[in-house]
Amino acid sequence: MKYSLRRQMTAVFIGLLVFILGAVFIVNSGFLQQYYVSHKAQDLVETYQVIDRALQNESLTTQSVQEIAYQAEKTNIDMTVIDDEGHTVLATVTDGNPLFQQMFRYVFNKNDNSGSILKRNSDYVICKTTDPENDTDYLEMWGSFTDGYFFTMRSPLASIRESAALANQFLIYLGVTGAVLGGILVWFFARRITRPIMELAKLSESMADLNFDEKYTSGGSNEIGILGENFNKMSRQLEMTISELKRANNQLQQDIEQKEKMEDMRNEFLGNVSHELKTPLALIQGYAEGLKEGVNDDPESREFYCDVIMDEAGKMNRMVKNLLTLNQLEFGADEVEFTRFDIVSLVKGVIASCDILIQQAGAEVDFIADETAYVWADEFKTEQVVRNYLTNAIHHVENEKRIEVRVIKTGDKVRVTVFNSGKPIPEEDVPKLWDKFYKVDKAHTREYGGNGIGLSIVKAIMDSFHQKYGVNNFDNGVEFWFELDAKDNMEVETTA
């Protein structure tokens with residue numbers, strides 16, 4: 001391959017190695033000598049400071065002299081210190097040494113500028129000189145201490161240029177050898193990397209052709225091995241996704257085929273609404289015509305006619321309101337306001353408001369609950385659910401005319417149940433109870449003005465809460481129930 005990753009990695013490695021060696025070569029050639037001279041000058045200054053402190057403290061004892069001599073030997077510094085009368089106080093050289101002789105030249109000729117001065121102040125001068133006798137470079141320092149004693153220090157400078165040249169030559173040999181060996185190693189290392197990558201490339205081609213039988217087999221626990229395992233997972237996931245898409249496509253075809261059925265359901269809904277409105281409208285029209293024509297002029301008949309008209313109009317009004325409520329719930333147009341409230345207090349209020357209906361039905365209500373039970377839900381819609389359950393129980397209560405309402409807390413949930421004595425619901429009708437306009441006993445439902453929408457509203461509300469609800473059949477009656485969250489740490493939120 002023209003742009004092989006193996007070639008690129010090898011070229012980058014060799015180029016980086018050459019760049020580093022070149023940078024070291026330039027630094028050695030241009031800055032090593034300066035750094036070496038600066039370091040030696042610092043050694044001279046530190047030695048000067050040690051001797052000056054010893055002289056100030058008058059602690060130039062045998063031990064301190066040995067310590068100074070040790071530091072001078074370690075840093076390769078020769079020194080001579082004389083007092084103002086010319087007596088030698090401290091020296092690492094003999095009287096015949098050129099440094100000892102040069103000491104007196106500096107003392108009596110302080111303006112000697114035979115060398116290149118590197119640093120000068122009131123106490124000392126540091127300069128770089130060359131000894132003409134042996135052509136050796138020295139770093140020299142002379143001056144006086146705080147107490148007036150004179151000194152001279154000198155440290156030879158090794159041939160730093162020669163050392164830098166040797167270091168650069170060594171770097172060249174090392175760089176060429178490292179580039180060759182490193183290039184070979186990088187070539188083989190890159191080959192180990194590119195081989196599984198090529199396998200992944202072939203695997204991606206197979207996946208592009210929707211062939212998911214190919215798998216990554218090179219293994220490994222490094223990044224490429226993880227990538228290969230992810231390729232295998234992706235292959236399996238894509239195979240599953242395509243299978244799901246095919247199933248979804250098949251389902252879509254079925255949905256298209258059921259389009260006519262949905263249209264029939266819509267027509268059925270309109271027919272049910274028309275049927276539910278037809279009877280009250282006919283009664284209203286008939287009794288209104290009777291009043292107009294004066295069929296019965298006595299006050300009792302007129303009052304009866306008016307009561308029938310008002311009753312039927314009220315049924316129509318309730319049905320329209322229920323339909324509007326159901327429509328808002330099913331299409332998400334009605335917001336759900338989650339708050340924390342006491343469900344026990346709410347149920348008590350609903351039972352109290354239905355007291356007239358309970359008395360008319362001749363029923364007896366038993367309410368079993370703790371003093372309080374707090375839940376998270378929409379309080380107004382929860383009241384609608386409880387009211388629908390309770391009125392449904394009142395209208396269908398039979399036998400001993402007993403209604404039992406319970407609030408039961410179990411863990412993080414609170415369950416509300418409404419039981420009424422009477423006939424159980426036929427099992428074949430139970431799944432259809434929550435459908436709009438469905439009535440188990442149409443004649444009985446007509447007697448109390450029901451229209452089969454109440455339980456549909458319960459279903460829509462509980463679905464908007466994302467909570468469970470249902471109905472249980474017993475030998476002596478029917479129990480409707482629903483659940484709500486009772487977690488104290490639940491966040492208050494508003495959902496649509």
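Structural data are supplied above this passage.
Attention in this report is confined to the structure presented alongside it. (Residues numbered from 1 in each chain as written. Predicted model: local features only at pLDDT ≥ 70, side-chain atom pairs only at ≥ 80, totals over all residues. Heavy atoms only, no water.)

1. Observations concerning the overall build of the protein chain
Line of reasoning, step 1. Helix and strand counts for the protein chain come out as 12 helices and 15 strands.
Line of reasoning, step 2. Sequence separation of at least 24 residues holds for 64% of the intrachain contacts in the protein chain that already meet a minimum separation of 6.
Line of reasoning, step 3. Working note: accessible area of the protein chain is about 30600 Å², and carbon and sulfur atoms make up 54% of it. (Helix = DSSP H or I, 4+ residues; strand = E, 2+ residues; numbered from the N terminus. Contact = heavy atoms within 4.5 Å. Areas by Shrake-Rupley, 256 points an atom, 1.4 Å probe, with all protein chains shown as cover.)

2. Here we look at the side chain of Thr417
Line of reasoning, step 1. You can see Thr417 is positioned in strand 12 (residues 413–421).
Line of reasoning, step 2. Taking the relative accessible area as the measure of exposure, Thr417 reaches 4% and is therefore buried. (Buried < 20%, exposed > 50% of the residue type's maximum accessible area, 1.4 Å probe, protein only.)

3. Details of a nonpolar patch on the surface
Line of reasoning, step 1. A cluster of nonpolar side chains, contributed by Phe25, Ile26, Ile172, Tyr173, Val176, Val180, Ile184, Trp187 and Phe188, occupies part of the molecular surface with about 890 Å² of accessible area.
Line of reasoning, step 2. Elements represented by at least two residues in the nonpolar patch include exactly helix 1 (5–56) and helix 4 (160–208).
Line of reasoning, step 3. Here the element with the most residues in the nonpolar patch is helix 4; it accounts for 7 residues.
Line of reasoning, step 4. Position of Ile184 among the secondary structure elements: in helix 4.
Line of reasoning, step 5. The class of Ile184 is partly exposed, set by a relative accessible area of 43%. (Patch = residues over 30% accessible without salt bridge, like charges linked within 9 Å, V, L, I, M, F, W, Y side chains within 5 Å. Salt bridge = Lys/Arg side-chain N within 4 Å of Asp/Glu carboxyl O.)

4. A few points about the pairing of strand 3 (residues 116–120)
Line of reasoning, step 1. Pairing between strand 3 and strand 4 (residues 124–131): 4 bridges, direction antiparallel. Residue pairing in the sheet places Ser116 in a bridge with Lys128 of strand 4.
Line of reasoning, step 2. The hairpin formed by strand 3 and strand 4 contains 3 residues between the paired strands. (Pairing = 2+ DSSP bridges.)

5. Notes on the sheet that holds strand 4
Line of reasoning, step 1. The strand order 2-1-6-5-4-3 describes an open sheet built from 6 strands, whose pairing is antiparallel. Two strands lie at the open edges of the sheet, namely strand 2 (88–91) and strand 3, each paired on one side alone. Between one strand and the next, the sheet's axes are offset by a mean angle of 15 degrees, whatever the strand orientation. (Axes fitted to C-alpha atoms, helices over the stretch in contact; angles between N-to-C directions.)

6. Here we look at the pattern of salt bridges
Line of reasoning, step 1. What the rule picks out here adds up to 9 salt bridges.
Line of reasoning, step 2. Salt-bridge contacts for Arg154 lead to Glu140; the nearest nitrogen and oxygen are separated by 3.7 Å. In this pair, Arg154 sits in strand 6 (residues 150–156) while Glu140 sits in strand 5 (residues 136–144), placing the two residues 14 residues apart along the sequence.
Line of reasoning, step 3. A residue is classified by how much of its surface remains accessible, and Arg154, at 8% relative accessible area, is buried.
Line of reasoning, step 4. One salt bridge in this structure joins Asp463 and Lys459, with 3.2 Å as the shortest N-O distance. Highlighted residues: Asp463 and Lys459, both in helix 12 (residues 454–465), separated by 4 residues, approximately one helical turn.
Line of reasoning, step 5. Residues joined in a network through salt bridges with shared partners are Glu400, Arg402, Glu404 and Arg406.

7. Comments concerning unusual backbone geometry
Line of reasoning, step 1. Although it is not a glycine, Asn76 sits at a positive phi angle of roughly 60 degrees.
Line of reasoning, step 2. Note on placement: Asn76 falls in the loop between helix 2 (62–75) and strand 1 (78–82).
Line of reasoning, step 3. The backbone phi angle of Asn399 is positive, close to 55 degrees, even though this residue is not glycine.
Line of reasoning, step 4. Mapped onto the fold, Asn399 is located in the loop between helix 10 (379–396) and strand 11 (402–410).
Line of reasoning, step 5. Under the relative-accessibility criterion, Asn399 is labelled exposed at 56%.

8. A look at the packing of helix 8 (residues 343–353) against helix 10
A pair of packed helices can be characterised by two numbers: the angle between their axes and the separation between those axes.
Line of reasoning, step 1. Direction vectors running N to C along helix 8 and helix 10 enclose 50 degrees, while the axes themselves pass 10 Å from each other. On the basis of their axis angle, the class for helix 8 and helix 10 is oblique. Crossing of helix 8 over helix 10 shows right-handed handedness. On the side of helix 8, the interface is formed by Ile343, Leu346, Val347, Val350, Ile351 and Ser353, while helix 10 contributes Glu379, Thr382, Glu383, Val386, Arg387 and Leu390.
Line of reasoning, step 2. Taken together, the residues of the contact of helix 8 with helix 10 sort by class into 7 nonpolar, 2 polar and 3 charged. (Parallel < 35°, antiparallel > 145°, perpendicular 65-115°, else oblique. Left-handed = near helix turned anticlockwise from the far one by under 90°. Nonpolar A, V, L, I, M, F, W, Y, C, P; charged D, E, K, R; others polar.)

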